Amino acid sequence: MQSLFFHSRRLLLSYLYQGFLMSLSWALSIKKPFMLVLYFSMACILCGIGFTVWPDTLAAVFHFNNLDAVARTDIQSYYGTMLIALGVVLAAACKTETGGRVALMVIAGFAVGSAVGRIIGFIQGAPVMSIHGVLVVIESLLFYQAVTVLQRQKQRDQEHKREVLPILNPKTPEEFRPLSQSNFTEPFEYYRMLRDHYPVYKMPGKDFYCISRFEDIQAVSKDTAAFSSKLMEILVRGRSRNPDKKGKTLAERLGELGVVPVDVLALQDPPIHKEERKVGHSGFNAHFVKSLEKEVEDLCDEMMDEFLPKGNVEFVQDFAWRLPMRLIIRLLGLPEDDFEQIKYWCMQGIRSLSGTASRVELIEIGVSSAQFTRYLWKHYLEAKKNPPANFTGTLIKNSADPDSIINDQRAIAIILQLLIAGSDSSASSMGSAVRVLAREPELEKALRAEPDKIPLFIEEVFRTESAFQGHFRVTTREVEMHGVTIPSGAQVFLMWASGNRDERFWDNPEVFDMNRRHVKKHLTFGFGVHACIGRELARMEIRIVLKKLLEKTSQFAIVGDSPYEASIFARTLLKLPLAFEVADKKDLAPQSDMDSEALFGKEANNEKEAEYVSI
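Residues numbered from 1 in each chain as written. Predicted model: local features only at pLDDT ≥ 70, side-chain atom pairs only at ≥ 80, totals over all residues. Heavy atoms only, no water.

Chemist: Could you clarify how one ought to interpret the overall build of the protein chain in this entry?
Modeler: Of regular secondary structure, the protein chain possesses 25 helices and 10 strands. Projected onto its principal axes, the C-alpha positions of the protein chain cover 95 × 65 × 60 Å. Per-residue burial for the protein chain yields a buried fraction of 52% across its 615 residues. Nonlocal contacts in the protein chain, meaning residues at least 24 apart in sequence, comprise 74% of its contacts between residues at least 6 apart. Counting only carbon and sulfur atoms, one obtains 58% of the accessible surface of the protein chain, whose full area is about 29,300 Å². Distance from the positive charge centre (73 side chains) to the negative charge centre (76 side chains) of the protein chain: 4 Å. (Helix = DSSP H or I, 4+ residues; strand = E, 2+ residues; numbered from the N terminus. Buried < 20%, exposed > 50% of the residue type's maximum accessible area, 1.4 Å probe, protein only. Contact = heavy atoms within 4.5 Å. Areas by Shrake-Rupley, 256 points an atom, 1.4 Å probe, with all protein chains shown as cover. Lys, Arg positive; Asp, Glu negative; His and termini not counted. Charge placed at Lys NZ, Arg CZ, Asp CG, Glu CD.)

Chemist: I would appreciate a short explanation of the environment of S282 in the present structure.
Modeler: Along the chain, S282 falls in helix α12 (residues 272-283). S282 sits 63 residues away from W345 along the chain, and the two C-alpha atoms are 26 Å apart.

Chemist: Where do I start with the environment of Q18 in this structure?
Modeler: Structurally, Q18 can be placed in helix α1 (residues 2-29). Judged by its relative accessible area of 10%, Q18 is buried. Spatially, the C-alpha atoms of Q18 and V259 are 9.4 Å apart, while their sequence positions differ by 241 residues. The contact partners of Q18, leaving out residues within four places of it in the chain, are V367, A370, Q371 and R374.

Chemist: What should I look at first to understand the sheet that holds strand β10 (residues 577-582) in this one?
Modeler: The strands making up a sheet associate through backbone hydrogen bonding, with each pair oriented either parallel or antiparallel. Spatially, three strands are ordered β4-β10-β9 in an open sheet, and the strand pairing comes out antiparallel. Only two strands of the sheet have a single neighbouring strand rather than two, namely β4 (312-314) and β9 (553-558). Mean inter-strand twist for the sheet, computed between neighbouring axes without regard to direction, equals 25°. Where β4 and β10 come together, three bridges link them in antiparallel fashion. Residue pairing in the sheet places N312 in a bridge with A579 of β10. Across the sheet, helix α24 (residues 535-552) is in contact with β9 and β10; its angle to β9 comes to roughly 110°. (Pairing = 2+ DSSP bridges. Axes fitted to C-alpha atoms, helices over the stretch in contact; angles between N-to-C directions.)

Chemist: Please explain the packing of aromatic side chains as it appears in this structure.
Modeler: Two descriptors summarise a pair of aromatic rings, namely the distance from one centre to the other and the angle between the planes of the rings. This structure, assessed with the given rule, holds 21 aromatic pairs. These aromatic residues form a ring-pair network of at least three members: F176, F188, Y190 and Y191. Sitting over the ring of F188, R501 keeps its end group 3.5 Å from the ring centre. In this arrangement the basic side chain of R571 is found over the ring face of Y564, its NZ or CZ atom lying 3.8 Å from the centre. (Phe/Tyr/Trp six-rings, centres within 6.5 Å; stacked < 30°, edge-to-face > 60°. Lys NZ or Arg CZ within 6 Å of the ring centre and 35° of its normal.)

Chemist: Honestly, the pairing of strand β8 (residues 491-494) in this entry has me stumped. Any pointers?
Modeler: Side-chain positions along a regular strand alternate between the two faces of the sheet. Burial of the side chains of β8 extends over both faces: Q491 and F493 are buried on one face and V492 and L494 on the other. In this structure, strand β2 (residues 208-211) lies alongside β8, joined through four bridges in parallel fashion. Bridging from a neighbouring strand, I211 pairs with L494 of β8. Of the strand pairs in this sheet, strand β5 (residues 471-475) and β8 are connected by four bridges, and their pairing is antiparallel.

Chemist: Could you clarify how one ought to interpret the nonpolar core in this entry?
Modeler: Looking at soluble globular proteins, one finds that nonpolar side chains tend to be buried together. F315, F319, F372, L419 and F457 are the most contacted members of the largest nonpolar core, which totals 140 residues. Among the elements that make up this core, the one with the highest residue count is helix α20 (residues 408-439) (16 residues). When near neighbours in sequence (up to four residues on either side) are disregarded, L419 contacts M325, I328, I329, L332, L334, I342, C346, F372 and L376. Membership of the second largest hydrophobic core comes to 22 residues, among which are C94, A108, A111 and V149. (Core = buried A, V, L, I, M, F, W, Y, C linked by side-chain atoms within 4.5 Å.)

Chemist: I'm lost on the sheet that holds β8 in this one. Help?
Modeler: Strand order in the open sheet made by the five strands is β1-β2-β8-β5-β3, with mixed pairing throughout. The two strands at the open ends of the sheet, each matched to only one other strand, are β1 (200-202) and β3 (227-228). With two bridges connecting them, β3 and β5 associate as antiparallel partners. Residue pairing across strands places F227 opposite T475, the latter belonging to β5. Sheet strands in contact with helix α9 (residues 214-222) are β2, β3, β5 and β8, and its direction is about 130° off that of β8.

Chemist: Help me out: how do you make sense of a nonpolar patch on the surface in this one?
Modeler: Residues L46, I49, V53 and W54 make up a contiguous nonpolar surface patch of roughly 420 Å² in combined accessible area. Tracing the backbone through its elements, the reader meets I49 in helix α2 (residues 35-53). Since its relative accessible area comes to 37%, I49 is described here as partly exposed. (Patch = residues over 30% accessible without salt bridge, like charges linked within 9 Å, V, L, I, M, F, W, Y side chains within 5 Å. Salt bridge = Lys/Arg side-chain N within 4 Å of Asp/Glu carboxyl O.)

Chemist: How should I be thinking about the environment of V492 in this particular structure?
Modeler: Within the secondary structure, V492 is located in strand β8. By relative accessible area, which is 0% here, V492 ends up buried. Separated by 366 residues in sequence, V492 and A126 have C-alpha atoms that sit 70 Å apart. Apart from residues lying up to four places away in sequence, V492 is in contact with Y209, I211, F227, H471, F472, R473, T475 and I486.

Chemist: What's the story with the pattern of salt bridges in this structure? I'm lost.
Modeler: Close approach of charged atoms allows side chains with opposite charge to pair. Tallied over the entire structure, the rule returns 36 salt bridges. The partner of E295 in a salt bridge is R330, with the nearest N and O atoms 3.2 Å apart. Taken as a pair, E295 in helix α14 (residues 293-307) and R330 in helix α16 (residues 322-332) lie far apart in primary sequence, 35 residues in all. With a relative accessible area of 28%, R330 lands in the partly exposed category. Where E460 meets R463, a salt bridge forms, and the shortest distance between an N and an O atom there is 2.8 Å. In this pair, E460 and R463 are both assigned in helix α22 (residues 454-464), three residues apart and thus about one turn of the helix distant.

Chemist: What should I look at first to understand the side chain of D263 in this one?
Modeler: Here D263 is to be found in the loop between α11 (250-256) and α12. Put simply, D263 is tucked away with no salt bridge, and the nearest opposite charge, on K230, sits 4.8 Å away. There is a polar contact of 3.5 Å between the side chain of D263 and the backbone nitrogen of L231. A distance of 3.0 Å separates the side chain of D263 from the backbone nitrogen of M232, its partner in a polar contact. (Polar contact = N/O pair within 3.5 Å; in protein donor to acceptor, adjacent residues only side chain to side chain.)

Spelled out as structure tokens, the structure:
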């Protein structure tokens, strides 16, 4: 009975929370120039309700007296329900720029048409000193205002067409335009300037501080007391928790109720994090990953055989995203047919930390999060009836153990985090690896000649093309670094990608050298206690894919743009159009199955060796 009450309340609150966010998103998305549309829409709806409910009373105001049944029906439908429908459609349209402009044109046409009709009536003898005379004035002003707003928007468009040109030799971080697409594509000179001159840098217009040097990132990652990983409050409310405020936050209360995910793993602090990590590692240890290799090879063959006969493929969307996500969906026992919907929710989750999402977009991401959470609850509860022999079953087993830290809410949040982090890190790194090979033919030839070096190549791709450019922390007290005071409750962005190119640690960091010393000490998986339980799965997936791609093709090249997502958080490759030649099977030489364990020794699978990884 208690469980039934909990889940009934959870569903009710989830839908109410989603409805609130959708309403808030709609209200905030209406730009100031389009407020006229909103006011007109509200007037239409109110008038429509009046004509529908009180047709005789409203008709008398307009001097329509002694209505028969046909006239009353016409007034209720034309002046009533039609006005309501018009108001609703215009209110929905003004949420977007294009829709707002179309709505203004509709209002202008409505106003001028109605005003002209009344003027014709005046010419034919209708009294000017009546409500119709007042309405002519109102409609004329409405037409004038709508046309004026449209003209201003046109002028603004012309001003925005003037492209802001980049500066040849930027002297300050701001001159790089940090949140521009050009900087997201090639951010490395910007990172170098931060490391050299602004090691603690507050992003203009944003409420966070960037930490860019390798050793500083390590120091912050180790100091879990001063730098908390708990970010759910920021994701739910848009601001961090007040460190001085006692009691549970809104995000914590909603998490306990099952409405939003709770802080777990990458978003949790010791000592709870340590207990969660033990459970996570029990389902994704090295032995388990090794057992998946045959399944990944078969899946890779199946998917490559679909595009190889075509001679080309959009590698990121049609392969790199699909393979790791199809695998993690299988491992968690979710329906593979739901791939597209799950992928959309995951992309929304990644965008929530992009640093470029607007307030409205963040609220819309909150709507997606509520939907995703409900979806996971549905399948998790179905799995509880007959726990499967997979990681979801492991979580269910632990949630039933009174001595375990895991409960149903934490289990749901762990599943969600695995889907988001696991799919994007593998997909982005896989795409970046193929992109590097396609742009460096000599490197491609070298790996074809010595495929045993693929694991080394992957590590250097991790270092130079970090799938996650960094991760956030929140200060629990005032901290001073390099003469900069970071206040309590401030967000701090640890720039993994910048640390991976720090000259203070790496020799010739701008050079792609898969034979470099300490090749695995990159920060792509982070640093400290937050060990990524899926890191070896990602390595194995990418190794198999590259091996198979080199086996099955004789050469490949990029045949279009390969842009990155506009994000400070993730270096997500959006597309990678490839053309290739299929290898002649009789010329194929057997390639070694040597894996990363043979090259690097036994993987660090215990707490002491987890320093260089992060979820």
